[in-house]
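A closer look at the structure
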Amino acid sequence: MSLKSSIRKKGVIQIVAGVIGYGLVFHFVLHEGLNPASTTWRAVGQMTVVALPGVLALVGVLHLVTGKQFSEFETYWMSLRGWHRGVLGFGVVLISLSAVVSLLIAAAYIGVI
């Protein structure tokens with residue numbers, strides 16, 4: 001098994017784990033709710049717990065699509081020209097925003113939210 005295929009396999013595992021984890025967190029929040037945060041640090045902690053499975057899934061997508069370790073991307077990113085980084089960064093933000101809005105619309109359409 002080559003290094004790229006093992007990284008991609010790791011990416012698929014991370015995506016599945018992130019999706020399952022996010023589903024469990026989403027189910028818990030919908031049925032139990034979050035306690036109102038008494039302090040700012042508690043609110044930050046609650047947001048972090050909700051966001052971690054999504055971060056894991058997104059890193060898995062990065063591994064799956066590129067076949068590279070996450071740590072290799074700093075070297076690649078810094079080798080790009082400034083305007084390339086700007087265009088690519090804007091594209092990533094635009095695609096991410098589109099995905100979030102699409103998922104929220106889909107969730108509202110099927111009656112989850």
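Above: the structure in question.
Moving on to helix α2 (residues 40-66). Relative to the 39 Å expected for 27 residues at 1.5 Å per residue, α2 spans 37 Å between its end C-alpha atoms, a close match to the ideal helical length. Approximately 35° is the largest bend angle found in α2, and it occurs at Ala51, with the proline Pro53 only one to four residues beyond. Tucked into the core, α2 has its buried residues touching α1 (3-32). Once α2 ends, the next one or two residues include Gly67, with phi positive near 75°.

Here the structure, examined in full by the defined rule, presents 1 aromatic pair. Look at Tyr22 and Phe26: their rings are 6.4 Å apart centre to centre, the planes differ by 15°, and that puts the pair in the stacked class. Of the two residues, Tyr22 and Phe26 are both situated in helix α1; the distance of 4 residues between them amounts to about one turn of the helix. Cation over ring: Lys68 sits above Tyr76, and NZ or CZ is 5.2 Å from the ring centre.

Criteria and thresholds
Residues numbered from 1 in each chain as written. Predicted model: local features only at pLDDT ≥ 70, side-chain atom pairs only at ≥ 80, totals over all residues. Heavy atoms only, no water. Helix = DSSP H or I, 4+ residues; strand = E, 2+ residues; numbered from the N terminus. Expected span 1.5 Å × (residues − 1). Bend = angle between axes of the 7 residues up to and from the residue. Contact = heavy atoms within 4.5 Å. Phe/Tyr/Trp six-rings, centres within 6.5 Å; stacked < 30°, edge-to-face > 60°. Lys NZ or Arg CZ within 6 Å of the ring centre and 35° of its normal.

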